[in-house]
Amino acid sequence: MSLDKETVRKVGVLARLQISDDEVEGLSKEMNDILSWFEKLEQVDTTGVDPMSSVVNQSLHWRKDEVTGGGVPEKVLANAPDSEDGYFLVPKVVE
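Note that the structure is a prediction, hence the values are computed from the model and not measured.

Participant: I keep staring at the side chain of S28 and nothing clicks. Help me out?
Facilitator: With respect to the helices and strands, S28 occurs in helix 2 (residues 21-42). Setting aside its immediate chain neighbours within four residues, S28 contacts L3 and V8.

Participant: Would you mind showing me how to read the environment of K64 here?
Facilitator: Counting through the fold element by element, K64 comes out in the loop between helix 2 and helix 3 (73-78). Look at K64 and you get exposed, because its relative accessible area is 67%.

Participant: Just checking my understanding: could you explain unusual backbone geometry for this structure?
Facilitator: Excluding glycine, a negative phi dihedral is what most residues carry, and trans is how most peptide bonds are arranged. Residue R16 is not a glycine yet carries a positive backbone phi of 60 degrees. Positionally, R16 belongs in the loop between helix 1 (5-14) and helix 2. For R16, a relative accessible area of 78% gives the class exposed. Backbone geometry places D85, a non-glycine residue, at a positive phi of 55 degrees. In this fold, D85 is placed in the loop between strand 1 (83-84) and strand 2 (87-88). By relative accessible area, which is 69% here, D85 ends up exposed.

Calculation criteria
Residues numbered from 1 in each chain as written. Predicted model: local features only at pLDDT ≥ 70, side-chain atom pairs only at ≥ 80, totals over all residues. Heavy atoms only, no water. Helix = DSSP H or I, 4+ residues; strand = E, 2+ residues; numbered from the N terminus. Contact = heavy atoms within 4.5 Å. Buried < 20%, exposed > 50% of the residue type's maximum accessible area, 1.4 Å probe, protein only.

Here it is, written out as structure tokens:
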């Protein structure tokens, strides 16, 4: 796959980048180099290889799903810059 200059400009617009005419040629070459690496990766035989999300074998530590009463609103609200009647007060951001 090869990207032409017009496609590079379109990608720049989608990424909200201002790409000058002088930069298009270099970016086109760089993007084509990246795509060629992906083409090489597609040729790798991954039959029998399990998908993984990390190179380190890890598992999540689960806790029991127990309902707690909380019951410490004073401690929670003590961290708030401002509170009123048991609620956080925040600045108005929408008019």
